[in-house]
Amino acid sequence: MAKGKNTLAALTLGAGITAAGAAQAAESKVLLLVTSAAPQVQGMAMVLGNAMQQQGSEVNVLLCDKAGDLAINGYSSAPLKPKNVTPEQLMGKLQQGGGKVSVCALYLPNSEYTQADLSEQVEVATPANMAAMMTADDVRVFSF
């Protein structure tokens with residue numbers, strides 16, 4: 001009988017830990033800084049962003065330098081294996097799930113593009129907002 005109680009206690013504790021982990025994931029916020037021009041790096045950033053989002057994280061993406069091209073309406077890169085999707089398609093999936101995408105404040109002034117060239121739902125980040133997000137205790141920052 002004691003063995004049954006120990007098993008029940010272990011299952012109850014395990015369920016509590018799992019629920020706490022799920023609650024923590026649901027409350028987490030992530031900022032992905034993407035600066036690489038390499039399509040595989042851009043694609044992996046978006047794959048991981050989508051995975052984090054599926055696990056309950058709020059995902060924000062800041063695109064700078066050549067990675068900012070992903071935010072240009074009509075931009076198309078070569079599909080990546082094994083799923084044959086482009087980094088910009090993966091980014092679109094992230095946005096459909098509620099992810100927010102911005103280009104850095106220096107991207108447009110230092111490119112041939114204007115704000116009118118940005119895809120829907122892409123914003124221009126302000127340094128003050130990004131600095132606040134990067135230094136917030138509840139935001140994890142990842143750089144690609």
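The structure this text deals with has already been given above.
In this report, the structure presented in the accompanying data block is examined.

How each quantity is defined
Residues numbered from 1 in each chain as written. Predicted model: local features only at pLDDT ≥ 70, side-chain atom pairs only at ≥ 80, totals over all residues. Heavy atoms only, no water. Salt bridge = Lys/Arg side-chain N within 4 Å of Asp/Glu carboxyl O. Helix = DSSP H or I, 4+ residues; strand = E, 2+ residues; numbered from the N terminus. Buried < 20%, exposed > 50% of the residue type's maximum accessible area, 1.4 Å probe, protein only. Pairing = 2+ DSSP bridges. Axes fitted to C-alpha atoms, helices over the stretch in contact; angles between N-to-C directions.

## Thoughts on the pattern of salt bridges
Under the definition given, this model contains one salt bridge. Note that D138 is salt-bridged to K29, the shortest N-O span being 3.2 Å. Here K29 lies in strand 1 (residues 29-34) and D138 lies in the loop between helix 4 (127-135) and strand 5 (139-143), a separation of 109 residues in the sequence. Accessibility expressed as a relative area gives 29% for K29, which makes it partly exposed.

## With respect to the sheet that holds strand 5
A sheet is described by the order of its strands in space; here five strands give the open sequence 4-3-2-1-5, paired in parallel fashion. Every other strand in the sheet has two partners, leaving strand 4 (122-124) and strand 5 as the edge strands with one partner each. Averaged over all pairs of adjacent strands, the angle between their axes in this sheet comes to 25°, without regard to strand direction. Direction of pairing for strand 1 relative to strand 2 (residues 58-63): parallel, over a ladder of six bridges. Its bridge partner lying in strand 2, K29 is registered against E58.

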